[in-house]
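# Structural overview
Now for the letters of each chain:
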Amino acid sequence: MSLHWLKVATATGVAAIALASASYAQTVRVTVAEYSSKTGPYFEKAASEFEAANPGTDIQIEVVPWDVLQQKLTTDISGGANADLAIIGTRWLIDYVSQGIAAPLDDYITDDFRARFIDTFLSPSVMEGQTYGLPIAASARAMYYNKSLFEEAGIAEPPATWDELKAAAEKIKALGGDAYGFGLQGKEIETDVYFYYALWSQGGTLIEEDGTSGLDTEAAYAAAQIYKDLIDGGLTEPGVTSLNREDVQNLFKQGRIGMMITAPFLANQIKEEAPDLQYGVAAIPAGPNGDRGTYGVTDSIIMFENSQNKDTAWKFMDFLFTTEKRAEFDENEGFLPVNAEEAAMPLFADNADLKAFTDLLPSAQFAPVIAGWEEMAAATSNALQRIYLGEGEIKAELDQAAAEINGIIEANN
Amino acid sequence: MNRSIFTNPYVLIAPAFLLAAFIILWPLFQIGEISISNVNRFGQLRGFAGPDNFMAVLADPQFLASLWRTVIWTVGIVAGTILVSIPVALILNEDFYGRGLARVIIMLPWAVSLTMTAIVWRWALSGESGMLNSALMGLGLIDQNIQWLAQAGTAFPMQIAIGILVSIPFTTTIFLGGLSAIPDDLYEAARLEGASGWQIFRTITLPLLRPFINIAVVMNTITVFNSFPIIWATTQGGPANSTDILVTYLYKLGFNFGKLGEASALSLLMFALLLFFTIIYVRLAMQGERE
């Protein structure tokens, strides 16, 4: 008797759950990385616009701080509780693809859709001939310089080469104020990237053609020597290993850094936080052979293979990549346009700051698509920190980091 | 009295025991399973790996370096905390005007999140605009900013000092409880006999406080050994891993590098270490008490 009652109850319960999920069949959960305080509101607004245009759909946005995004996604995926769509760093994508987590999007992508993109930004998400992500955020790096400091020090033009940069930094140092010539980042995320600008300008590469690390090359030694000379000459801020990217940017906003290399979004921050700062944006200095390289970064939005509502999820993706939505997002966050039509809009085309970045795009290098990249980046950062602190010789440290990286490459193949 | 099954102590304790076992043992079992498996970065198991993950952790030079630093970190903070907290508790136990307020002030930091405290210290230690540098300059102790967090030589001792500061409220509370349990007539009798303050402390207060010190040592050791926020918020274990302790190293292994198998193996090793030393300490301390 009681057993029968239990069966009925269970059956009713299951039916109720089935019904409930049927009525919410159009629910799409989206995990979003928080780029700034405007990110959450932007996506909430996009979700409600989409819901209004597509009755019966329910878009749920989860905003996650960028630092813990990887951790949150890992936990969600291992527990089988991941969203339908998520923003990830494109350099992580290879893991998502090789483990069958990310769904290929080619069945949905029409030629028209593909034609919206600037190819430089779409190509990093293409693996083994399939497109696995769409570039939701794109940026590159260029050199910011403080016009007032330059004027005071009698520097006419932003430096075009590293030698000129050093000379300019010396002039700023000679002013004797509390300003530093060159802002160098030596802590936390992208410490390695800050070094690559110098590396690329010397004609170096991260991974050589034979598939081994490019850190044990003359180009890499020369690049490290440039930074080491700047540190030893007192031309950078003191204690570089205690300053991360935001710390150096803050010094720049305070007008205390002559030159630094960073992303387009610093211009947005300056507009809001230090509107009186006179700054300019120029190309990253070139090496002796005229080589230069900027770091191209994209974040991708991916669809999960286990999503139950792929069609609706795709429709929402499509909506996010309409020219209008893209322009709104990129203007908010200070990212580069990834959509050709958007890039032609006066808002972006006539923006002098952004132009310095887009001009560098032909020399944009992306982080190599290779398993274990984060570990290699950490090995590089560690070697650099020891060099910056004077705890190790340049050649010995870089050779050791290269050996470590080669070991990681081997272990992952 | 009629002994029903419902009054059997084992039955009475069963629900709580089962709940505790589920909460404590189940994750432990899961971690054990991951640690002997091949596991991808999303925590999905891909076959049996045997002791590979443990071997990989033990072979990593970062493991030994972090272990050694964890020992310094734990011993430094626990010893420092006890040494500071005993006099603080003694003073707060005295009857003086404003004692209530003083006790509240000592306890207040306890209510602030550890991460927030660590972030505030990160600002205070900043080489450019940090409060500590300004204060030392103002006092004329230094004539140039110190880059506290730029190298392990200054960063790690500061991190230990922060660890001591944040552990004081909890430890002082334990000692205050211990002190209030010591009967006043013992002190009166000692004073009548002409004992000095130091003698009273050494022969009455300290021995009677012993069980509380033991509790404070064990509890602090466990939390400090596994304490993540101070180091993570100030240096993330850098520069060049020189301030990494086992937990920060564990976090990097698991979440930055996606080596969940090795991370699980490491956390089991940490669990075993902590269990081992806690048991040894508790046994030694209890032996001391019995004597």
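Scroll up a little and you will see the structure.
Just so we're clear, the structure is a prediction, and the values are computed from it rather than from any experiment. (Residues numbered from 1 in each chain as written. Chains lettered and ligands numbered in written order. Predicted model: local features only at pLDDT ≥ 70, side-chain atom pairs only at ≥ 80, totals over all residues. Heavy atoms only, no water.)

## Observations concerning the overall build of chain B
- The secondary structure content of chain B amounts to twelve helices and two strands.
- Counted from the first residue to the last, chain B has its helices and strands arranged as α-β-β-α-α-α-α-α-α-α-α-α-α-α.
- The principal-axis extent of the C-alpha atoms belonging to chain B is close to 80 × 75 × 30 Å.
- Burial status across chain B gives 40% buried among its 291 residues. (Helix = DSSP H or I, 4+ residues; strand = E, 2+ residues; numbered from the N terminus. Buried < 20%, exposed > 50% of the residue type's maximum accessible area, 1.4 Å probe, protein only.)

## Considering the interface of chain B and chain A
- Facing the 24 residues of chain B at the interface are 29 residues of chain A.
- Regarding the contact of chain B and chain A, the summed buried area is about 2300 Å², with carbon and sulfur atoms giving 53% of it.
- Where chain B touches chain A, the interface holds five salt bridges.
- Notably, a salt bridge pairs B:E128 with A:R256, separated by 2.7 Å at the nearest N-O pair.
- Per element, the largest residue contribution to the side of chain B that touches chain A is three residues, and it comes from helix 11 (residues 246–256) of chain B.
- Here the residues of the side of chain B that touches chain A sort into nine nonpolar, ten polar and five charged. (Contact = heavy atoms within 4.5 Å. Buried area = accessible area lost by both parts, 1.4 Å probe. Salt bridge = Lys/Arg side-chain N within 4 Å of Asp/Glu carboxyl O. Nonpolar A, V, L, I, M, F, W, Y, C, P; charged D, E, K, R; others polar.)

## As for the sheet that holds strand 7 (residues 142–146) of chain A
All names here are of chain A.
- Pairing is mixed in the open sheet, where four strands are placed in the order 8-9-7-10. Of all the strands in the sheet, the pair left with one neighbour each is strand 8 (180–182) and strand 10 (279–282). Strand-to-strand twist in this sheet, taken as the mean axis angle between neighbours without regard to direction, amounts to 25°.
- Inspection of the sheet shows strand 8 paired to strand 9 (residues 257–262) by two bridges, in the parallel sense. What sits directly across from Y180, in strand 9, is I257. (Pairing = 2+ DSSP bridges. Axes fitted to C-alpha atoms, helices over the stretch in contact; angles between N-to-C directions.)

## Observations concerning the pairing of strand 2 (residues 58–65) of chain A
All names here are of chain A.
- Taken together, the eight bridges between strand 1 (residues 27–34) and strand 2 define a ladder with parallel strand orientation. By the bridge assignment, T31 is partnered in strand 2 with E62.
- A crossover links strand 1 with its parallel partner strand 2, the connecting element being helix 2 (residues 39–53), and its sense is right-handed. (Right-handed = clockwise from strand over helix to strand, strands pointing away.)

## Remarks on the nonpolar core
- Among the nonpolar cores identified, the biggest contains 137 residues, and A:Y96, A:L134, A:F182, A:F195, A:Y227, A:M259 and A:I301 are the most heavily contacted of them.
- For A:F182, the contacting residues outside a window of four places in its chain are A:W162, A:L165, A:A169, A:Y194, A:Y227, A:L230, A:L235, A:T236, A:E237, A:I257, A:M259 and A:I261.
- In this structure, B:F54, B:L125, B:F175 and B:L209 belong to the second largest nonpolar core, which totals 54 residues. (Core = buried A, V, L, I, M, F, W, Y, C linked by side-chain atoms within 4.5 Å.)

## What to know about the environment of A:F319
Residue and element names in this part refer to chain A.
- Mapped onto the fold, F319 is located in helix 13 (residues 310–320).
- Separated by 25 residues in the primary sequence, F319 and A344 have C-alpha atoms spaced 20 Å apart.
- The contacts of F319, once residues within four sequence positions are left out, are A46, E49, F50 and K325.

## Describing the packing of helix 18 (residues 373–389) of chain A against helix 19 (residues 394–411) of chain A
All names here are of chain A.
- The contact between helix 18 and helix 19 brings their axes to 9 Å, and the two run at 170°. Our classification of the angle between helix 18 and helix 19 gives roughly antiparallel. Counted together, E375, M376, A379, T380, A383, R386 and I387 of helix 18 and I394, E397, L398, Q400, A401, E404, I405, I408 and I409 of helix 19 form the full contact between these two elements.
- When the residues that make up the contact of helix 18 with helix 19 are grouped by side-chain class, the tally is ten nonpolar, two polar and four charged. (Parallel < 35°, antiparallel > 145°, perpendicular 65-115°, else oblique.)

## Remarks on a nonpolar patch on the surface
- On the surface, a cluster of nonpolar side chains totalling about 800 Å² of accessible area is made up of B:L19, B:F22, B:I23, B:I24, B:L25, B:W26 and B:F29.
- Mapped onto the elements of the fold, B:L25 is located in helix 1 (residues 9–35). (Patch = residues over 30% accessible without salt bridge, like charges linked within 9 Å, V, L, I, M, F, W, Y side chains within 5 Å. Areas by Shrake-Rupley, 256 points an atom, 1.4 Å probe, with all protein chains shown as cover.)

## What to know about the side chain of A:T236
Residues and elements named next belong to chain A.
- Topologically, T236 is positioned in the loop between helix 10 (218–232) and helix 11 (245–253).
- Judged by relative accessible area, T236 falls into the buried class, the value being 5%.
- For T236, the contacting residues outside a window of four places in its chain are Y180, F182, L184, L230 and I231.

## Observations concerning helix 9 (residues 197–225) of chain B
- Taking 1.5 Å per residue, 29 residues should reach 42 Å; helix 9 of chain B reaches only 35 Å between its end C-alpha atoms and comes up short.
- Where helix 9 of chain B bends most, at B:R210, the angle is about 50°, and the proline B:P211 comes one to four residues later. (Expected span 1.5 Å × (residues − 1). Bend = angle between axes of the 7 residues up to and from the residue.)

## Side note on the packing of aromatic side chains
All names here are of chain A.
- All told, the structure shown has 40 aromatic pairs over all chains when counted by the stated rule.
- Ring centres 6.2 Å apart and planes at 80° place the aromatic pair Y35 and F329 in the edge-to-face group. Note that Y35 is positioned in the loop between strand 1 and helix 2 and F329 in helix 14 (residues 323–333), a separation of 294 residues in sequence.
- Overall, the relative accessible area of 22% leaves Y35 in the partly exposed class.
- On the accessibility criterion, F329 (0% relative accessible area) is buried.
- Between F43 and F329 the ring centres are 5.8 Å apart and the planes differ by 65°, which places this aromatic pair in the edge-to-face class. One end of the pair, F43, is in helix 2; the other, F329, is in helix 14, and 286 residues separate them in sequence. (Phe/Tyr/Trp six-rings, centres within 6.5 Å; stacked < 30°, edge-to-face > 60°.)

None of this, on its own, says anything about what the molecule does.
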